[in-house]
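This is what each chain is made of:
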Amino acid sequence: MTDETYPFAFAALSIAILSGCNQAPEETQKNNTQIKTVQVAQAIAPIAKKVPYEMTIHGDTRVDNYYWLRDDERKASEVINYLEAENTYTDAMLAHTKTLQSKLFEELKGRIKKDDDSVPVKNGDYFYSTQNRGDNEYTTYLRSSDFSGTDQQVILDVNELAKGHDYYAVSGLDVSPNGNLMAYGEDTVSRRIYSIKIKDLTTGKLLEDTLEGTNGGIVWANDNKTVYYIKKDLQTLLGYQVYRHTLGTSQADDELIYEETDTSYYMGMSKSKDKSEIYIWHSSTAASGVSVLSADDAKAMPKRLIEREAGLEYEISKLGNTYYIVTNLNAVNFQLMKVDIDKAGNKANWQSVIPARDNVKLEGIDLFGNYLVYQEREKGQSKLIARNLKTGKELPLSFNDSAYTISTYGNNEIDSDTLRVYYTSMTTPDSSYDVNLATGNKTLLKQQTVLGDFSADNYASERIFVTARDGIKVPVSLVYRKDAFKKDGTNPLLQYGYGSYGATMDPTFSSSRLSLLDRGFVFAIAHVRGSQMLGRPWYEDGKLLTKKNTFNDFVDVTEELVTQKYGAKGEIFARGGSAGGLLMGAVANQAPELYKGMVAAVPFVDVVTTMLDASIPLTTNEYGEWGNPNEKEYYDYMLSYSPYDQVSKQAYPNMLVTTGLHDSQVQYFEPAKWVAKLRDYKTDNNKLLFKIDMEAGHGGASGRFKRLEDTAFYYAFILDLAGIKK
């Protein structure tokens, strides 16, 4: 539920580059599945049968008529037939947009430089990069001995691996300390359960070792033959065990070195920048911690830095014999502390380096031999500051846009005076810089090429604040094409939102979005509560028993954007995915009259039922986000906004709902049930379309051009409703 299909440009790699519908009473049946259908504008809308399923808790009984659509095996013919009927109906209802879809797809594809290479990143003795060529759907991974890439070696060609698969994804590329072996995970189902392969980079052949049922990543010990990996529970999909594997042995003989018994915690693993320690990260919604083991001792066992505490969050970075600790200890917006490693187990020894500040959130750090680089957020904007560890002198790293996204990546070398930075804004394509930490001088290494007649000067972005109903000011990021924007209340507007898990959707560039802007759309990101746009309190005020602030903020932003004439009344569209799909569902129930159309991608909409079922992936880990409905206070509150439970007899906007059959984050049956209930309850003649990718999961299609087809599809849905036919 945490994932959002929002267009961030740099994938995370461990090598760190490493019209109307008139209902009629005509009903039929299909394939003996008891799926009723309704004739609609020469297309047939599936009407799912009702099979009452009672659920009682706290003295309250809910009846779910569509619970039967849940099939954990994803094989029941009755369910598959229903989903296919929905796809058939959606295709028929949007058949008249096929030409527009094709035009959009070619437009989106035409802006992408087919032959493209990433900026090499140094890791150990090699420089790693990625390469895309021609019409290939997937990336090729390479390395070379120098930055120029004169002796490039292909270490993984995903196009070859993906042949014969409808879906294919790799993860966790990680090269052994001596540079001879590389581990990677592969998923051919899109359930995010990976098989780890080990490739000999000197011969190009795979070792016999295969590690099944993992989260897709490994960490190498320094002996080049021992690896650590996280195994998943195949029902809940939670990573809960850490195993040690010796190359050349059977997985059955692997040693279990850690098992997580608290299902409210996720696990992750990494290695210290100096390669001396391996970390097992423990993370729940409201607490975190780390266990440490030596990377030099293949028999080492993990030891917790300190015992976990409710509400305490921290993460460590190692520099010499010191841990630098980003923590919320006595700091709502986090502070930076440090401690000698041999004294780290006692919090009383932790010393403040960057103290807590009420209006500034410390977001993270990068350590070098001579420099500390820290990222902070103030008034919704992140910035980077470099501190000389010897002199204490600080140097802010400045950029020109009023609202932008900035982050560090690929800074694997401690003995460096250069910082690699990723930068983008809503008008600035994705850019990679090297920054001299002594002078602040920036060298642009690469900026995303946008083919065609794109010029950043044709577009403008703004950051405004909208006063919500409780007096809180909500940040909004806007972008539009200057010569198509009038600010007279005539422009159609697409508003995006997420607002959960503290995930902050900063303004970024999207070449695909230009297809909307060039047709006169304004695009807005409502930075609603539930993110950390305005610091940690912004998150706390949009979760648990304050979750409705997220929905209210989104509605209030919409109304104000119309009032300020950024968007035309009656021509406002909304989009959100995953937990942002929950936002769409709640807003559709609360204020459907504000929106002409909505796109709810992989939406988390059956909040109460899911959070009561610990067998569903990710449920128990998220009690800290939504609450535990086994407690009546949380049950009542969650029930009061749960989109599925709150569907009512009223008019709804035109809606496009999407899912993937194999979704591991939000199970396909949540949106399936929601659509079925909406179709039964809604009193309007608006479109209600449900598109299911029968081969993909939460992140959608795996190929780069297949993803563009999905984008063109939902763009066509919106543009058609806006009366824009070309």
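Each remark here, short or long, concerns the structure printed above.
Residues numbered from 1 in each chain as written. Predicted model: local features only at pLDDT ≥ 70, side-chain atom pairs only at ≥ 80, totals over all residues. Heavy atoms only, no water.

**Overview of the overall build of the chain**
Scanning the chain from N- to C-terminus turns up 12 helices and 40 strands. Taken against the 2.2 N^0.38 rule, which gives 27 Å for 726 residues, the C-alpha radius of gyration of the chain at 26 Å falls within 12% of a compact globule. When the backbone C-alpha atoms are referred to their principal axes, the chain occupies close to 75 × 60 × 55 Å. Counting the 726 residues in the chain, one finds 60% classified as buried. Working note: accessible area of the chain is about 28,200 Å², and carbon and sulfur atoms make up 46% of it. Taken together, the 80 basic and 97 acidic charged side chains of the chain have centroids lying 4 Å from each other. (Helix = DSSP H or I, 4+ residues; strand = E, 2+ residues; numbered from the N terminus. Rg over C-alpha atoms; globule rule 2.2 N^0.38 Å. Buried < 20%, exposed > 50% of the residue type's maximum accessible area, 1.4 Å probe, protein only. Areas by Shrake-Rupley, 256 points an atom, 1.4 Å probe, with all protein chains shown as cover. Lys, Arg positive; Asp, Glu negative; His and termini not counted. Charge placed at Lys NZ, Arg CZ, Asp CG, Glu CD.)

**Notes on the packing of helix H6 (residues 548–563) against helix H7 (residues 579–590)**
For the pair H6 and H7, the least separation of the axes is 9 Å and the interaxial angle reads 65 degrees. The angle between the axes of H6 and H7 places the two elements in the roughly perpendicular class. Helix-helix and strand crossings are classified by hand; for H6 and H7 the assignment is right-handed. Where H6 abuts H7, its residues Thr550, Phe551, Asn552, Phe554 and Val555 lie against Leu582, Leu583, Met584, Ala586, Val587 and Gln590. Partitioned by chemical class, the residues of the contact of H6 with H7 number 8 nonpolar, 3 polar and no charged. (Axes fitted to C-alpha atoms, helices over the stretch in contact; angles between N-to-C directions. Parallel < 35°, antiparallel > 145°, perpendicular 65-115°, else oblique. Left-handed = near helix turned anticlockwise from the far one by under 90°. Contact = heavy atoms within 4.5 Å. Nonpolar A, V, L, I, M, F, W, Y, C, P; charged D, E, K, R; others polar.)

**Some thoughts on the layout of surface pockets**
By volume, the second largest pocket amounts to about 270 Å³. Within the lining of the second largest pocket, the residues separate by chemical class into 6 nonpolar, 4 polar and 5 charged. (1 Å grid on protein atoms, 1.4 Å probe; cavity = no way out; pocket = protein on both sides within 12 Å on 5 of 7 lines; lining within 4 Å. Points joined across faces, edges and corners; volume = space filled by probe spheres on them.)

**Quick notes on the sheet that holds strand S22 (residues 322–327)**
The 4 strands lie next to each other as S21-S22-S23-S24, forming an open sheet whose pairing is antiparallel. The open sheet has two free edges, formed respectively by strand S21 (314–319) and strand S24 (351–354), since each of these has just one partner strand. Each strand of the sheet is rotated relative to its neighbour by a mean of 30 degrees, with strand direction disregarded. Strand direction decides the pairing type here: S21 and S22, joined by 6 bridges, are antiparallel. Note that in S22 the partner of Glu315 across the bridge is Val326. (Pairing = 2+ DSSP bridges.)

**Section: the packing of helix H1 (residues 77–93) against helix H11 (residues 669–681)**
When two helices pack together, you describe them by how their axes are tilted relative to each other and by the distance separating the axes. Taken N-terminus to C-terminus, the directions of H1 and H11 make an angle of 65 degrees; their axes are 12 Å apart at the nearest point. At the point where H1 passes H11, the crossing takes the left-handed sense. Taken together, the residues of H11 that come into contact with H1 (itself represented by Tyr82, Leu83, Glu86 and Tyr89) are Ala672, Val675, Ala676 and Arg679. Split by residue class, the contact of H1 with H11 holds 6 nonpolar, no polar and 2 charged.

**Some points on the packing of aromatic side chains**
As enumerated under the stated definition, the model contains 24 aromatic pairs in all. Ring centres 5.9 Å apart and planes at 15 degrees place the aromatic pair Phe485 and Tyr566 in the stacked group. Placement of the pair is Phe485 in the loop between strand S34 (473–481) and strand S35 (493–496) and Tyr566 in the loop between H6 and strand S37 (572–577), with a sequence separation of 81 residues. Tyr566 matches Phe485 in its accessibility class, with the two residues each being buried. Considering the side-chain rings of Phe521 and Phe573, the 5.8 Å spacing of their centres and the 45 degrees angle between planes classify their relative orientation as tilted. Separated by 52 residues along the polypeptide, Phe521 in the loop between helix H4 (514–517) and strand S36 (522–526) and Phe573 in strand S37 bring together distant segments of the chain. Classification of Phe573 by relative accessible area gives buried; the value is 0%. Its guanidinium or amino end placed over the ring of Phe399, Lys442 lies 5.0 Å from that ring's centre, counting from NZ or CZ. Here the basic side chain of Lys691 rests over the ring of Phe713, its NZ or CZ set 4.6 Å away from the ring centre. (Phe/Tyr/Trp six-rings, centres within 6.5 Å; stacked < 30°, edge-to-face > 60°. Lys NZ or Arg CZ within 6 Å of the ring centre and 35° of its normal.)

**Some words on unusual backbone geometry**
Backbone geometry at His58 places phi at a positive 55 degrees, although glycine is not the residue there. Looking at where His58 falls in the secondary structure, it is placed in the loop between strand S3 (53–57) and strand S4 (60–64). His58 gets classed as partly exposed once you look at its relative accessible area, which sits at 28%. One non-glycine residue with positive phi stands out, namely Lys565, at about 65 degrees. Here Lys565 shows up in the loop between H6 and S37. By relative accessible area, Lys565 is classed as partly exposed at 41%.

**Quick look at the pattern of salt bridges**
It is possible for side chains of opposite charge to pair when their charged atoms get near one another. Evaluated as defined, the whole model comprises 43 salt bridges. Among the salt bridges present, the one from Arg70 reaches Asp72, with a minimum N-O distance of 2.9 Å. Judged by relative accessible area, which is 18%, Arg70 ranks as buried. One network of salt bridges, with partners in common, ties together Glu313, Arg536, Glu540 and Lys543. (Salt bridge = Lys/Arg side-chain N within 4 Å of Asp/Glu carboxyl O.)

**Here's the deal with the nonpolar core**
Ranked by internal contacts, the top residues of the largest apolar core, which has 118 residues, are Leu83, Phe521, Phe554, Leu561, Tyr595, Trp626 and Trp674. Ranked by residues supplied to this core, first place goes to helix H12 (residues 704–721) with 11 residues. Once you skip the residues sitting within four places of it in the chain, Leu561 turns out to touch Ile464, Val476, Leu478, Leu493, Gln495, Ala524, Tyr566 and Gly567. With 16 residues, the next largest nonpolar core counts Val292, Tyr314, Leu329 and Ala344 among its residues. (Core = buried A, V, L, I, M, F, W, Y, C linked by side-chain atoms within 4.5 Å.)

**Concerning the environment of Phe127**
Tracing the backbone through its elements, the reader meets Phe127 in strand S7 (residues 126–132). Sequence-distant contacts of Phe127, defined by excluding residues within four places in its chain, comprise Pro120, Val121, Lys122, Leu142, Arg143, Ser144, Ser145, Asp146 and Phe147.

**A word on the side chain of Ser515**
On the secondary structure map, Ser515 appears in helix H4. Of the polar contacts made by the side chain of Ser515, one reaches the side chain of Glu107; its length is 2.6 Å. Here Arg111 takes part through its side chain, which lies 3.0 Å from a polar atom of the side chain of Ser515. (Polar contact = N/O pair within 3.5 Å; in protein donor to acceptor, adjacent residues only side chain to side chain.)

**Observations regarding H1**
A rise of 1.5 Å per residue sets the reference length of H1, with its 17 residues, at 24 Å; its end C-alpha atoms lie 24 Å apart and thus fit the reference within 8%. Among the residues of H1, Val79, Ile80, Asn81, Tyr82, Leu83, Ala85, Glu86, Asn87, Tyr89, Thr90 and Met93 are the ones counted as buried. (Expected span 1.5 Å × (residues − 1).)

**A word on the sheet that holds strand S29 (residues 404–408)**
Read across the open sheet, the 4 strands follow the order S29-S30-S31-S32; overall the sheet is antiparallel. Edge strands, defined here as strands with exactly one partner in the open sheet, are S29 and strand S32 (442–447). Looking at each pair of strands side by side, their axes are set apart by 25 degrees on average, direction ignored. Here S29 pairs with strand S30 (residues 418–425) via 5 bridges, running antiparallel. Bridge pairing links Thr405 to Thr424 in S30.

**Observations regarding the environment of Ile196**
Following the sequence through the fold, Ile196 ends up in strand S12 (residues 194–200). Along the primary structure Ile196 and Gly216 are separated by 20 residues, whereas in three dimensions their C-alpha atoms are 6.3 Å apart. Beyond its immediate stretch of four places on either side in the chain, Ile196 contacts Ala183, Tyr184, Gly185, Asp209, Thr210, Leu211, Thr214, Gly216, Gly217, Ile218 and Tyr229.

So yeah, pure geometry; function would need other evidence.
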